[in-house]
Amino acid sequence: MVPIDSLEPSDSPRLGGEDDEHARTLVKAGDTLPPIVVHRETMRVIDGMHRLRACRLRGRDTIEVCFFDGTEHDAFVLAVESNVTNGLPLSVEDRKAAAERIITSHPHYSDRAIGSVAGVSPQTVATIRRCATEEGEQLHSRLGRDGRVRPVHPEEGRRAVGELLARSPHASLRTIAREAGVSPGTVRKVKERLSHGRDPVRRPHSPGPRAGAHDTGDDGVRLRELVRDPSLRQSEDGRLLLRLLGVLSLDTGHWARLAAGVPWHHRETVAAAALRCEAVWREFADMLREQAGHAATEPPNRPG
């Protein structure tokens, strides 16, 4: 609970300001309204100006708040996202103007990411970006809705990785990724291609049967084979492994829905956790391969 007089007006995405009628409607809700969101550093309201006005109309001196710790630019992004998804909807003009501001303050955000926040289509964002700024066209990478950084032109990112690896072959994946504007996973793939003497940029191949395709099998079929294996189903560790591997059955659309459902201010945290999961699974895969190699070199048991 903070004093109402200690709060500063919102840097609102609403071009026309607050709606008095909506504020009077909220007065009837009494104490059931959720807390407003306030930028801790400036005490500026991020989301909840109508609730704040309703509180004043009821003669209250204090109001319940949730504090946001971040930059003022990030606070505006949160304000737009909050007003698009909750409360009195933003007009089309409000959403387009908000998208233009976010393009200026966060030019590295992808068109889809900005569209998701502002409630407009990626095509609309692309049009605004072309008209509003030239800087966005010069960026080599952008941050997507899922929190991952991707190059605007993937081929350029892979070539940059190849050049950086040639100059600094012992640099860490994250260092190369940061300088090239790509993900550490892309750096790893390019490094593997270079180690086999291949070009860092994947060339499109003609459709047709792939060499060795009959050996790999379908991932779904292989998972079903694992589930039917009694040696896994009848042990506690085996059942745990099958549950963990079950995430591989999720299709691309399901992952996209999961990414879209993560609140904007938590996406960096979730992305970091996902990368940690990637590293853990890679260590697990290396462990299995090492054990398989040892088993292959052990001499067969001979009858006594």
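The rules we used
Residues numbered from 1 in each chain as written. Predicted model: local features only at pLDDT ≥ 70, side-chain atom pairs only at ≥ 80, totals over all residues. Heavy atoms only, no water. Pairing = 2+ DSSP bridges. Helix = DSSP H or I, 4+ residues; strand = E, 2+ residues; numbered from the N terminus. Axes fitted to C-alpha atoms, helices over the stretch in contact; angles between N-to-C directions. Core = buried A, V, L, I, M, F, W, Y, C linked by side-chain atoms within 4.5 Å. Buried < 20%, exposed > 50% of the residue type's maximum accessible area, 1.4 Å probe, protein only. Contact = heavy atoms within 4.5 Å. Parallel < 35°, antiparallel > 145°, perpendicular 65-115°, else oblique. Left-handed = near helix turned anticlockwise from the far one by under 90°. Nonpolar A, V, L, I, M, F, W, Y, C, P; charged D, E, K, R; others polar. Salt bridge = Lys/Arg side-chain N within 4 Å of Asp/Glu carboxyl O.

**Q** What exactly am I supposed to notice about the sheet that holds strand β5 (residues 65-68) here?
**A** Neighbouring strands of a sheet are bound in pairs by backbone hydrogen bonds; such pairs are parallel or else antiparallel. Spatially, β3-β2-β5 is the arrangement adopted by the three strands of the open sheet, whose pairing is mixed. In the strand order of this sheet, the two ends are held by β3 (44-47) and β5, each with one partner. With strand direction ignored, the average angle separating the axes of adjacent strands in the sheet is 40°. Of the pairings in the sheet, the one linking strand β2 (residues 36-39) to β5 comprises four bridges and is parallel in character. Across the sheet, the residue bridging to Ile36 is Val65, located in β5.

**Q** Help me understand the pairing of β3, please; the structure alone is not making it clear to me.
**A** In summary, the side chains of a regular strand alternate between the two faces of the sheet. Judged from the three bridges that link them, β2 and β3 form a sheet pairing that is antiparallel. The residue bridging His39 from the neighbouring strand is Arg44, located in β3. Taking the residues between adjacent antiparallel strands as the criterion, β2 and β3 are bridged by four residues, where Met43 takes a positive phi near 60°.

**Q** I'm lost on the nonpolar core in this one. Help?
**A** The nonpolar side chains of a soluble globular protein tend to be buried with one another. Core analysis: the largest hydrophobic core is formed by 16 residues, its most contacted members being Val80, Ala99, Ile102, Tyr109, Ile114, Val117 and Trp264. Elements that contribute at least two residues to this core include exactly α3 (72-85), α4 (92-105), α5 (111-118) and α6 (122-132). Not counting chain neighbours up to four residues away, the residues in contact with Val117 comprise Val77, Val80, Glu81, Val84, Ile102 and Trp264.

**Q** Help me understand the packing of α3 against α4, please; the structure alone is not making it clear to me.
**A** When two helices pack together, their arrangement is given by the angle between their axes and by how far apart the axes lie. Two elements in contact, α3 and α4, have axes whose closest approach is 10 Å; the angle formed by their N-to-C orientations is 155°. Accordingly, the angle class assigned to the pair α3 and α4 is roughly antiparallel. Regarding α3 and α4, the two cross each other, and that crossing is left-handed. The residues of α4 that touch α3, namely those facing His73, Phe76, Val77, Val80 and Val84, are Arg95, Ala98, Arg101, Ile102 and Ser105. Split by residue class, the contact of α3 with α4 holds six nonpolar, two polar and two charged.

**Q** Just to check I follow, could you spell out the pattern of salt bridges for this structure?
**A** Any two side chains of opposite charge can pair, on the condition that their charged atoms come close. Applying the stated criterion across every chain, the model contains eight salt bridges. Across the salt bridge formed by Arg40 and Asp69, the nearest N and O atoms sit 2.7 Å from each other. Of this pair, Arg40 sits in the loop between β2 and β3 while Asp69 is found in the loop between β5 and α3, placing the two residues 29 residues apart along the sequence. Accessibility expressed as a relative area gives 43% for Arg40, which makes it partly exposed. Look at Asp69 and you get exposed, because its relative accessible area is 55%. Of the charged contacts, one joins Arg51 and Asp47 as a salt bridge, the two residues approaching to 3.0 Å between their closest N and O atoms. Both residues of the pair, Arg51 and Asp47, belong to the buried class. Because the salt bridges share partners, they merge into one network encompassing Glu18, Asp20 and Arg53.

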